[in-house]
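Topology and contacts: notes
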Amino acid sequence: MVSLAQTSTHQGQTEKQAKTKYTADAHQLTLEAASELTNRARAAAKSLNKDVSIAIVDASGQVIMLTRGNGVGPHNTEAARRKAYTSLSTKTPTLQLARNAKANADTENLANLPELLLLGGGCPIWYNGQIIGGIGVAGGGGPENDHNIAKAAAIEEAAILIH
């Protein structure tokens, strides 16, 4: 019996080690979180008297929510999606990425990748130090406004951060 107990413990440890080695726990944005992020960004835009397009993507880059404000140009909807995707993919706010790429000859070709959009307004979304999505804002009157609107969407009380 003692031998069986040791074998079970050893087998349990082996399974735990294999799980740790080959899998990882992942957090996912919910539709409710995407809706709240969108509402907070829209409120920040309204405080600037702007109506914007807002995109929220999950950790795999798939769109959870995509909204276009009244009277916002149709190109802004796609721009918002691409900004969200770019910030997720690069783990960098697109305003910072655009400035870095322009200043560095080694990275300026990032602008030529089809899905990336190096224009301010995209920010990664973080939870417990893990990237769980991206937000993109377009139509706010310039890259810095779009960036600030995106950052204002954070749900700090739920530890969903944007930086």
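For the structure, see preceding data.
Rules and cut-offs
Residues numbered from 1 in each chain as written. Predicted model: local features only at pLDDT ≥ 70, side-chain atom pairs only at ≥ 80, totals over all residues. Heavy atoms only, no water. Helix = DSSP H or I, 4+ residues; strand = E, 2+ residues; numbered from the N terminus. Buried < 20%, exposed > 50% of the residue type's maximum accessible area, 1.4 Å probe, protein only. Contact = heavy atoms within 4.5 Å. Areas by Shrake-Rupley, 256 points an atom, 1.4 Å probe, with all protein chains shown as cover. Expected span 1.5 Å × (residues − 1). Arc of directions from axis to C-beta. Pairing = 2+ DSSP bridges. Axes fitted to C-alpha atoms, helices over the stretch in contact; angles between N-to-C directions.

Attention shifts here to the overall build of the protein. Check the secondary structure of the protein and you find five helices and five strands. Helices and strands in the protein line up, N terminus first, as α-α-β-β-α-α-β-β-α-β. Going through the 163 residues of the protein one by one, you find that 38% of them count as buried. Within the protein, residue pairs in contact and separated by at least 24 positions form 66% of the contacts whose partners lie at least 6 positions apart. Carbon and sulfur atoms provide 51% of the accessible area of the protein, an area that totals close to 9,500 Å².

Relative to the helices and strands, Ala 159 is located in the loop between helix 5 (143-151) and strand 5 (160-162). Put simply, Ala 159 and Asn 128 are 31 residues apart on the chain and 7.0 Å apart in space, counted from C-alpha to C-alpha. With sequence-adjacent residues up to four places away left out, Ala 159 is seen in contact with Trp 126, Tyr 127 and Asn 128.

The end-to-end C-alpha distance of helix 2 (residues 31-47), which contains 17 residues, comes to 24 Å, matching closely the 24 Å that a straight helix rising 1.5 Å per residue would cover. Restricting attention to buried positions, one finds in helix 2 the residues Ala 33, Ala 34, Leu 37, Thr 38, Ala 41, Ala 44 and Ala 45. The buried residues of helix 2 occupy an angular sector of 135° when projected down its axis, which confines them to one face. Along helix 2, exposed side chains directed more than 90 degrees from the buried face belong to Leu 31, Glu 32, Lys 46 and Ser 47. Asn 49, located one to two residues past helix 2, shows a positive phi value of around 60°.

Sheet strands associate in pairs through backbone hydrogen bonding, adopting either a parallel or an antiparallel arrangement. Pairing is antiparallel across the open sheet formed by five strands, whose spatial order is 2-1-4-3-5. The outermost strands of the open sheet, each flanked by one partner alone, are strand 2 (63-68) and strand 5. Averaged over all pairs of adjacent strands, the angle between their axes in this sheet comes to 20°, without regard to strand direction. Pairing of strand 3 (residues 122-127) with strand 5, which is carried by three bridges, proceeds in the antiparallel orientation. By the bridge assignment for strand 5, Trp 126 is matched with Leu 161. Its contacts with the sheet place helix 2 against strand 1 (53-58), strand 2, strand 3, strand 4 (130-138) and strand 5, and it is angled at close to 30° to strand 2.

Bridge count between strand 1 and strand 2: five bridges; the pairing is antiparallel. Opposite Ser 53, over in strand 2, you have Arg 68 as the bridge partner.

The subject of this paragraph is helix 5. For an α-helix, the turn length of 3.6 residues means that residues three or four places apart are oriented alike. Here helix 5 has its buried residues at Asp 146, His 147, Ile 149 and Ala 150. An end-on view of helix 5 places all buried positions within 165° of arc, on one side of the element. For helix 5, the elements touching its buried residues are helix 2, helix 3 (75-90), helix 4 (94-103), strand 3, strand 4 and strand 5.

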